[in-house]
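# Survey of secondary and tertiary structure
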Amino acid sequence: MTIEEAFDKRATTERYLAQVYSFLPNDYEAKESTTPRSDEAYYSWIAWAPYLGHNDGSWNPSTNLYHTWSYNYKGIHQASIFIENVDNCLELSQEERQHAKAEARFIRAYLYFMMVQQYGPVYIWGDKIPDLNIKNEEIDRHSLDFCFDFINSELEKAAKDLPLKIQDPAWYGRATKGAALATRARMLLYAARPLFNGCDLYKGMKNYYGDFLFPQVPDPSKWTKAAQAAKDVIDLGIYKLYENSEETDPFQKGIKSYMGIYFEKWNDELIFAKWESNGWLWNVRCNPPLVVKHGYGGYAPSMKLVDTYPMEKSGRFPITNYQTDGAPIIDPLSGYSDEGFIDSYVHPIDKFTIKAHKSCVGRDARFYASVLFNGMYWINTFQGKKLVTFHTGGTSTYNNKSGDFCKVGYLWRRMTDPRNDMDNNKWGSFSWPYIRLAEVYLNYAEACNEKPTRDEASALEYINKIRNRSGLNDIEEAYPEVIGNQSLLRELIRKERMVEMAFENLRYYDIRTWMIADKESNGPRYGRNLLATNYEDSWERTDQICLPLVFQPKHYLFPIHQSQLDEMKNITQNYGW
């Protein structure tokens, strides 16, 4: 089919746009997700898993895994073709053509942004269709500011023409004004953070054209732009944090509100999302092996993420740091204990009475909505009451013959709906958010805390909206010392973000753009001692099971792949590669 034929009819034009959408990431899949490459998770498999070479530092410019450069440029190319030709389809109304063109423009900008967060500066084609007559040796990356300015402009243009809401339920999931503005807000936040705002690591790097590739000095005004961009989304007034309307108990309401973000289809918190109609791919990897019929036991939160969830009553984050042997340094005001058990603890969601380790008692609502911990019963009783223990010889034993088993002492349950009988292949469905309102609130809080005319009141207001939804107290009640303390509020916003946005593919880029990955994503990883042959001893901490993370300064950005270096002789490689 020729281009002319593709854009002659409504049906073929709409199929072409659907193809452009297909380049958006399936980032809930391990092969595309950043989650197993971050410090928030530990995926169990130690062979044939793409994240292994990334986490051990052995990757290089010739490593193919996770390189999206060529694929994203294909998507960008297809979007540009659509933008150039959609007006030829006269079976679409002028308004339909305008919306469709804006959708393609949004996706093109989104793909460019994905590349920039991964590689730093890239080559910007603009509205041009790639020209085979351009000499490869004359191609190099544009400056980072040029890239951000282009993406910003494209998202503004798209937002101008996109609808505020999708009216036809059959088209839910398509781009809207809010999707474009929220992507812009995230992009401007990243542009303000240290990695992309005058850090020393990339100073002096010039491209083939003689331009500095990265900003040479920090520009604090970028935080002001980031704050305003997030506020632009908030001020649309059409999104709200999802809250369960049936529960009256504040703690239960907090749990079910957090769970409902995923399980309540197209709820008003979702700004840009995908509806995953078959939950098998995700849930089978979260389910405990041997306990349930179909369970691989591979998707687990890291010990660090589990440690980060606040305490319900005090509202404080329990662990302030770690000793050199991995032992937690506990905030004595938090109310947390990492030793001992409570024999008759009633799990707040599943209502089973269990012998619970004290570390799992009295935690934030999001902890119970997210974490399946050692010693629980399975989350429903469709096939009877099933105890889940991960120690050697337990019901979901460490080192079972299949090779599929939990290695941390916890599994991830947040996207697993207890209403589904998965033993009978009822896997359910869930929303996968690319961007949701809670992130925008946290983006706004962070930018308000950092901008030159610091707005502490707004930063506190919007972090508290997130906390209050989960039943927690205000952050200044939990930490009175935060008032007037920018660095402490920065730390607390980052912890709140780690918890609220867990497993949503933000943490990997957060710790890089904050430039703390050398500390947070480097060194031994700890879990519970599942080598133990009894339940009680399996709650000791150990680094003898989980593989360490390796991070070097060059890992802040991906290398330009060797295939691109071979093709474009003068393209500038990233630092350290």
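Residues numbered from 1 in each chain as written. Predicted model: local features only at pLDDT ≥ 70, side-chain atom pairs only at ≥ 80, totals over all residues. Heavy atoms only, no water.

What follows is about the overall build of the protein. In terms of regular secondary structure, the protein is built from 19 helices and twelve strands. By its C-alpha atoms, the protein is 70 × 50 × 50 Å across when sized along the principal axes. Expressed as a percentage of the 577 residues in the protein, the buried residues total 62%. Long-range contacts, defined as pairs at least 24 residues apart, comprise 69% of the intrachain contacts of the protein with a sequence gap of at least 6. Accessible surface computed for the protein: about 22,500 Å², of which carbon and sulfur atoms make up 49%. Side chains of the protein give 67 positive and 76 negative charges; the mean places of these two sets differ by 1 Å. (Helix = DSSP H or I, 4+ residues; strand = E, 2+ residues; numbered from the N terminus. Buried < 20%, exposed > 50% of the residue type's maximum accessible area, 1.4 Å probe, protein only. Contact = heavy atoms within 4.5 Å. Areas by Shrake-Rupley, 256 points an atom, 1.4 Å probe, with all protein chains shown as cover. Lys, Arg positive; Asp, Glu negative; His and termini not counted. Charge placed at Lys NZ, Arg CZ, Asp CG, Glu CD.)

If a residue is not glycine, its phi is most likely negative; likewise, a peptide bond is most likely trans. Of note in the backbone geometry, Phe-503 takes a positive phi value of approximately 65° without being a glycine. Looking at where Phe-503 falls in the secondary structure, it is placed in the loop between α16 (486-500) and α17 (507-513). Phi at Met-515 takes a positive value of approximately 60°, unusual for a residue other than glycine. Look at Met-515 and you get partly exposed, because its relative accessible area is 24%.

Here we take up the pairing of strand β4 (residues 319-322). Across three bridges, the pairing between β4 and strand β5 (residues 328-330) is antiparallel. By the bridge assignment, Asn-321 is partnered in β5 with Ile-329. The hairpin formed by β4 and β5 contains five residues between the paired strands, and Gly-326 there has a positive phi angle of roughly 90°. (Pairing = 2+ DSSP bridges.)

A complete count under the given rule lists 48 aromatic pairs for this structure. With a centroid separation of 6.2 Å and 50° between ring planes, the pair formed by Tyr-262 and Phe-430 is classed as tilted. Separated by 168 residues along the polypeptide, Tyr-262 in helix α9 (residues 250-263) and Phe-430 in strand β10 (residues 430-436) bring together distant segments of the chain. A single burial state applies to Tyr-262 and to Phe-430, both of which are buried. Both rings, one in Tyr-398 and one in Phe-405, keep their centres 5.0 Å apart while their planes meet at 80°; by these two values the pair is edge-to-face. There is no split in this pair, since Tyr-398 and Phe-405 are both buried. (Phe/Tyr/Trp six-rings, centres within 6.5 Å; stacked < 30°, edge-to-face > 60°.)

Let us now look at the packing of helix α13 (residues 437-450) against α16. Contact pair α13 / α16: the axes reach a minimum separation of 10 Å and the direction vectors enclose 165°. It follows from the interaxial angle that α13 and α16 lie roughly antiparallel. Crossing handedness for the pair α13 and α16: left-handed. Only Gln-486, Leu-489, Arg-490, Ile-493, Glu-496, Arg-497 and Glu-500 of α16 make contact with α13, whose side of the interface consists of Ala-438, Glu-439, Leu-442, Asn-443, Ala-445, Glu-446, Asn-449 and Glu-450. Across the contact of α13 with α16, the residue classes break down as five nonpolar, three polar and seven charged. (Axes fitted to C-alpha atoms, helices over the stretch in contact; angles between N-to-C directions. Parallel < 35°, antiparallel > 145°, perpendicular 65-115°, else oblique. Left-handed = near helix turned anticlockwise from the far one by under 90°. Nonpolar A, V, L, I, M, F, W, Y, C, P; charged D, E, K, R; others polar.)

With respect to the secondary-structure elements, Arg-414 resides in the loop between β9 (410-412) and β10. Of the residues examined, Arg-414 reaches a relative accessible area of 0% and is grouped as buried. One polar contact links Arg-414 to Tyr-258, side chain to side chain, over a distance of 3.1 Å. When sequence neighbours within four positions are dropped, the list of residues in contact with Arg-414 reads Tyr-258, Ile-261, Tyr-262, Phe-263, Ala-369, Ser-370, Arg-436, Glu-500, Ala-502 and Glu-504. (Polar contact = N/O pair within 3.5 Å; in protein donor to acceptor, adjacent residues only side chain to side chain.)

Turning our eyes to something else, we now look at the nonpolar core. One recurring pattern in soluble globular proteins is that nonpolar side chains are buried together. Phe-106, Val-122, Trp-282, Phe-373 and Trp-412 are the most contacted members of the largest nonpolar core, which totals 192 residues. Looking at which element gives the most residues to this core, the answer is helix α5 (residues 94-119), with 14 residues. When sequence neighbours within four positions are dropped, the list of residues in contact with Trp-412 reads Trp-282, Cys-286, Tyr-299, Ala-300, Pro-301, Leu-305, Tyr-309, Ser-370, Val-371, Ala-502 and Phe-503. (Core = buried A, V, L, I, M, F, W, Y, C linked by side-chain atoms within 4.5 Å.)

So, on to helix α7 (residues 177-192). Between its first and last C-alpha atoms α7 spans 23 Å; for 16 residues at 1.5 Å apiece the expected length is 22 Å, and the two agree. For α7, the tally of buried residues reaches 15 of 16 residues, placing the bulk of the element in the interior. (Expected span 1.5 Å × (residues − 1).)

For the rest of this paragraph, the subject is the pairing of strand β6 (residues 341-346). Examined bridge by bridge, β6 and strand β7 (residues 353-357) share four bridges and lie antiparallel to one another. By the bridge assignment, Ile-342 is partnered in β7 with Ala-356.

Time to look at the environment of Met-115. Looking at the element boundaries, Met-115 is found in helix α5. Along the backbone, Met-115 and Leu-437 are 322 residues apart, and their C-alpha atoms lie at a distance of 23 Å. In contact with Met-115, other than residues within four places in its own chain, are Trp-69, Asn-72, Tyr-73, Ile-76, Gly-120 and Val-122.

Here we come to the state of the cysteines. The tally for this structure, following the rule as stated, stands at zero disulfides. Cys-406 forms no disulfide, and the closest cysteine sulfur to it belongs to Cys-546, at a distance of 8.5 Å. Since its relative accessible area comes to 2%, Cys-406 is described here as buried. (Disulfide = S-S within 2.5 Å.)

With that settled, the discussion passes to the pattern of salt bridges. All told, the structure shown has 49 salt bridges when counted by the stated rule. Ionic pairing is found between Asp-364 and Arg-366, a salt bridge with its closest N-O pair at 2.6 Å. With relative accessibility at 0%, the residue Arg-366 sits in the buried group. Where Glu-520 meets Arg-507, a salt bridge forms, and the shortest distance between an N and an O atom there is 4.0 Å. Placement of the pair is Glu-520 in helix α18 (residues 517-520) and Arg-507 in helix α17, with a sequence separation of 13 residues. One network of salt bridges, in which partners are shared, links Glu-269, Asp-364, Arg-366, Arg-414, Arg-436, Arg-467, Arg-469, Glu-496, Glu-500 and Glu-504. (Salt bridge = Lys/Arg side-chain N within 4 Å of Asp/Glu carboxyl O.)

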